[in-house]
Structure formats: structure tokens, C-alpha cells
Amino acid sequence: MGSERGPDSTIEIGSDRPASLMRTTIIFILGLLITLAIWQIFAWTYNDVLERGVMRFPAPFETFVMLGEFLFEGKTLLGYTIYDHIVASVSRWMFAFALAAVVGVAIGTLFGYFTSLFSIGIVPISVFQMIPGLAWLPIALLLFGLGSNSAMFIIFIVSVVVIIIGVASGIRRVPPVIVRAAKMMGASDLELFSKVLMPYALVDIVTSLRVGMGSAWRVLIAAEMVVGTGVGLGYAITMTKDLLNYVGSFACIVVICIIGLLLDKVLFAEMEKYARHRLGMEEGY
Amino acid sequence: MTLVQIRGVTKAYYTSRRKDRARVVLDNVSLQFEDNEFICLVGPSGCGKTTLLNLIAGFESPTAGDVFYKGTKITSPSPERGVVFQEYSLLPWMNVLDNVKFALCSSDLSDDEKDNVALRALTMVNLSDSAYQRPNLLSGGMKQRVAVARLLAMDPDLWLMDEPFSSLDEQTRKKLDDDVLNIWRIKKKTIVFVTHNVDEALHLATRIVLFSQSPGQVIKEWNIPTTMSRDPTSSSMIALKKEITDAMPACACADICPIDIRM
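For the structure given in this document, a descriptive report is provided here.

### A short note on the sheet that holds strand 10 (residues 218-223) of chain B
Residues and elements named next belong to chain B. Taken in spatial order, the six strands make up an open sheet running 6-7-8-3-9-10, and their pairing is mixed. If you trace the sheet from one side to the other, it starts and ends with strand 6 (81-84) and strand 10, each paired once. Strand-to-strand twist in this sheet, taken as the mean axis angle between neighbours without regard to direction, amounts to 15°. Looking at chain direction, strand 3 (residues 38-42) and strand 9 (residues 207-211) are connected through four bridges and run parallel. Opposite Ile-39, over in strand 9, you have Arg-207 as the bridge partner.

### Comments concerning the packing of helix 10 (residues 233-242) of chain A against helix 11 (residues 246-278) of chain A
All names here are of chain A. The N-to-C vectors of helix 10 and helix 11 enclose an angle of 160°; their axes lie 7 Å apart at closest approach. In terms of their interaxial angle, helix 10 and helix 11 are classed as roughly antiparallel. Of the two possible hands of crossing, helix 10 and helix 11 adopt the one that is left-handed. On helix 11, the residues touching Leu-233, Ala-236, Ile-237, Thr-240 and Lys-241 of helix 10 are Tyr-246, Gly-248, Ser-249, Cys-252, Ile-253, Val-255, Ile-256 and Ile-259. A class-by-class count of the residues in the contact of helix 10 with helix 11 yields nine nonpolar, three polar and one charged.

### Quick look at the packing of aromatic side chains
For the structure shown, the criterion picks out 15 aromatic pairs over all chains. Between Tyr-200 of chain A and Trp-93 of chain B the ring centres are 5.5 Å apart and the planes differ by 80°, which places this aromatic pair in the edge-to-face class. Separated into two different chains, Tyr-200 of chain A in helix 8 (residues 189-200) and Trp-93 of chain B in the loop between strand 6 and helix 2 (96-102) make up a pair that spans both. The class of Trp-93 of chain B is buried, set by a relative accessible area of 10%. Arg-172 of chain A extends its terminal NZ or CZ atom over the ring of Phe-118 of chain A, reaching a point 3.7 Å from the ring centre. The positively charged end of Arg-81 of chain B is found above the aromatic ring belonging to Tyr-69 of chain B, 5.5 Å away from the centroid.

### Considering the pairing of strand 7 (residues 158-162) of chain B
Residues and elements named next belong to chain B. Burial analysis of strand 7 places five of its five residues in the buried class, the great majority of the element. Note: strand 6 against strand 7, four bridges, orientation parallel. Across the sheet, the residue bridging to Val-83 is Leu-160, located in strand 7. Here strand 7 runs beside strand 8 (residues 190-195); their pairing, made up of five bridges, is parallel.

The rules behind these values
Residues numbered from 1 in each chain as written. Chains lettered and ligands numbered in written order. Predicted model: local features only at pLDDT ≥ 70, side-chain atom pairs only at ≥ 80, totals over all residues. Heavy atoms only, no water. Pairing = 2+ DSSP bridges. Helix = DSSP H or I, 4+ residues; strand = E, 2+ residues; numbered from the N terminus. Axes fitted to C-alpha atoms, helices over the stretch in contact; angles between N-to-C directions. Parallel < 35°, antiparallel > 145°, perpendicular 65-115°, else oblique. Left-handed = near helix turned anticlockwise from the far one by under 90°. Contact = heavy atoms within 4.5 Å. Nonpolar A, V, L, I, M, F, W, Y, C, P; charged D, E, K, R; others polar. Phe/Tyr/Trp six-rings, centres within 6.5 Å; stacked < 30°, edge-to-face > 60°. Buried < 20%, exposed > 50% of the residue type's maximum accessible area, 1.4 Å probe, protein only. Lys NZ or Arg CZ within 6 Å of the ring centre and 35° of its normal.

Fair warning: the whole summary comes from geometry, so function is off the table for now.
This is the structure we're talking about:
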């Protein structure tokens, strides 16, 4: 890897990959520890120094103990296991996000390709972008009533806007000379689109999907808290809070963070690295 | 046979948002390019050479007048008219071979045949060793050689070359100029080559077309017989160079005043 230089001039270069992977892992773990430390110090100050609370502020240890009970001892939360809540949230999220990705990439590509369409279409998109996720609530309730569908509508609308803008600007950034070269070589409209514009905009498309996925995840939890979905992590947080089970709320928040981090750091970071590599933005082969 | 006919072509670009001001880049240009000519368009920068090439390629359409290729009006780009661009125009995620094969995307050849054609083209420009490298590992000269190989694979009758080697160093440029000259001699195609370098034009062209400053008009044309010596120190070449340089517009200030359009 990274040492292939062509048939006649191949030289071996010592790979520094394992070392750098270790480095990033250590830095990442260190960052997590700092987060935990801040949390611990805050909880300790709140509970033991200020002694102001009627309620205890959940500390990391008790939160993880409860999380362990949820995960491994089958303890239920509002009548469902933690896995039911996770599955409910993740499937809502995936469904709405997948729909947003398909619609967003399609519209974004059209906007990016046809300049006249962009200048008109970007106006409503910019208006939508200014509407905070939860402000869609009245519209969602009017359209879908209480429950899961409203939550999915909010996720969809929030992430589709992000994706449209990202994809359109990615396509618009393709250098004109590349489009001209492809046309000169006789590429059909379909070939121009699939073999030139899409690959060229891949980094921007992946980035916009990544950002869209993140905002979808955040708004999902918020939406579940307000539209009364019955099951789901956001719903569990707001209900445990109402039942004064703050440790339970915190355990759910930890689950949310872990899922978000996994997707962002593992899935999308790899996809982006691949896209950057394809575009020759990274050095070497 | 007349390959390209440019009839009274004017091209203007709007220079203001309100579309009430425009800059005339080409002003009533008429030219005719014959089969197997090597035409060099020479002139100061901003005089519309590249615009004229874009019109022949079909990337843009004239404000007034028409451009014909083999008797048909040019309306869109086509693989019949190959272009080597001034900027690098390779697809960065494809290796060199795939980039050349992409030039064959509208042909009916099988994949194996495309491979063969592309490899042969790469061999002609001495790049067969780099066939599986990606463009980000190539030098500027190599990238432009791939662009030339694309045209070799497409095999158009008309080659449009827009200052293809102007960003390269002097030695590389001369070497690539000679390569193009060889290709022209072997393939017997028509080449329209834009340059601002009179020496380069004298070395390559069978006909030199000199443009005035913006708005671009043809000042004068010179035919160079193929029998004439291309030695830059020969007396006939020195005389010709002096003639062209003397005819060249004195001031090279490209940014001229926009004109008013009354609407």
C-alpha cells in the first residue's frame, strides 16, 4: 500500500500506517476520558460541593451501571428493553434519512446542473434551511398527527435540505473544462452525469450526507421527545425525566452519543477517505 | 476540401449583470481552413483566439455569423472535432488508460478493442509505462500528453489545440511541439493551434493567422510552404518573423473599454 510507483521505478517505502492509527486511537480515547472527567467533576461539584440539589446529578459510574443493567440484564425502560428503543429510533432515522438521501441527491444534482433551476430553487431551500427542526412540528402534526410519522417527517425535511445544498454546490464546483472535455469526447448526458459529474462531486456528496445524517440524528431525538412516539430513545429520555429517573435519561443519552460517534467516525469517515482518495486529493497511488 | 468555414463571426460577452454592456471579443471574422493544414492562430492575449476555438469546438455559439464543419453548421461539441485544452482536463479518479478509453465512450468498439486503441495511442506519446497510474502522479507535460493521446484514440479529422503546452517549461514544450508535428505528418489531419508565441507558430504552422487586439479581427495571414526550411536561423525565417512581429499590435493591453449597447 502506498509504495507502488510504476513498473520500472518501484521503491519500498516504510509504511507509517500502524503508528498513525495507534496515535489517532490514543488521541480519541484521551478525548473521551476528558469528556468523562468533565462530567464527573461537574456531577461531584453539583452533588457534594454545592449540595444544592433535591435530585442527584447522575455521575458517570451510576449511569454506566444502569446502562449495563439495560444492556445485559434485560432491565426494561417504560415497558420496553433498551434494544427496542434503539431499534425504534434507528429504524425511524434510517428510513427517513434514506428517503432524504435519495430525494436530496436527485434534486441537488438537478439544481447543480441547471444553473437557471438553481437560482430559482435555492430560494425555497434557503427559506426551509432557516426553519429550526422542531419548528416543523406544527406542520408535521397537521400532516401526520401524533406519533412516529411526524418524527420521520421532521427528520426527512431537516436532512433533505442539507443534502440538496451540499450536492448542488458539489456539482457546481466541477470545473467547466472537465464538462467540456467530456462533451467533446462524445459523452451522452447520462454518461456525463454518471461518469463525470457524480464522481467529481463525490467528496461533497459524502460530506453533505454526513452532515445531513448528523442533523437527522439530533432532530430525531428532539422530535421523539415531543410528538409522543411511545417507544424510542428520545421518548425514553423525556419520559424518564418526567418520572424523575435521571440516571435512566443519562443512560439513554450515552447510547445516543455512542451510536452517533460510531456512524460518524467509522462509516462516514471511511467513505470520505475513499472519495478523497479517488479524486487524487491524497498523495500516493 | 474545406474543413472549417467561419463566416462573418462576431462574439460578444455581457460585462454587466443588467446586460446593458458587452465586450466584443471577435469582430466579423471570416476564415477558411482546408484539409491537412496546420494553422496557428497568433495574437496578444484577450484577442479572441480561444473564443474562436471554442466556437469551432461547439462549446459556445456565435453572437452573429456561422461556423461550418464539412458544410454543416456547428451547434454542439462532437468527437469529430477533438480539443486539447490549455488547462489539465483529465478525470482524476481514472488511471491514464481509462482516461484515454473514456475518449472512446461514443464508439461501438468492444472493451478489448478500446484497450488496444488506447494503449496504441499511449505508446505513440511514450506513456505506455504510465498506463495504470493516476493523473495526480503525472507531471504537467505528461498530463498534456495524455490529452494528446485521447485525441489520437478518438482520431478526429480536426484537432483544436488551445495553447496546450503554454504552462510547460521551454524544453518540454519544444519536445511536445515536435511530437504534435510528427503526429500531423503521419496522420495527415488538420490542426488549429492557438499560441501567443511567434517562434512556436513559425516552427509548426503551414499557415499563420494573426489576430488584432480585442475586438479580435484577422490582421494578416501567412502561408508557409512545407518545403521552406524551419531552421529559425535561416534568413527566410528571420525575415518572416520580423514581418509578423512588426504586424503585431504594439500595445498588449488586453482590457479595453466596454462599449455601450442601446436597448
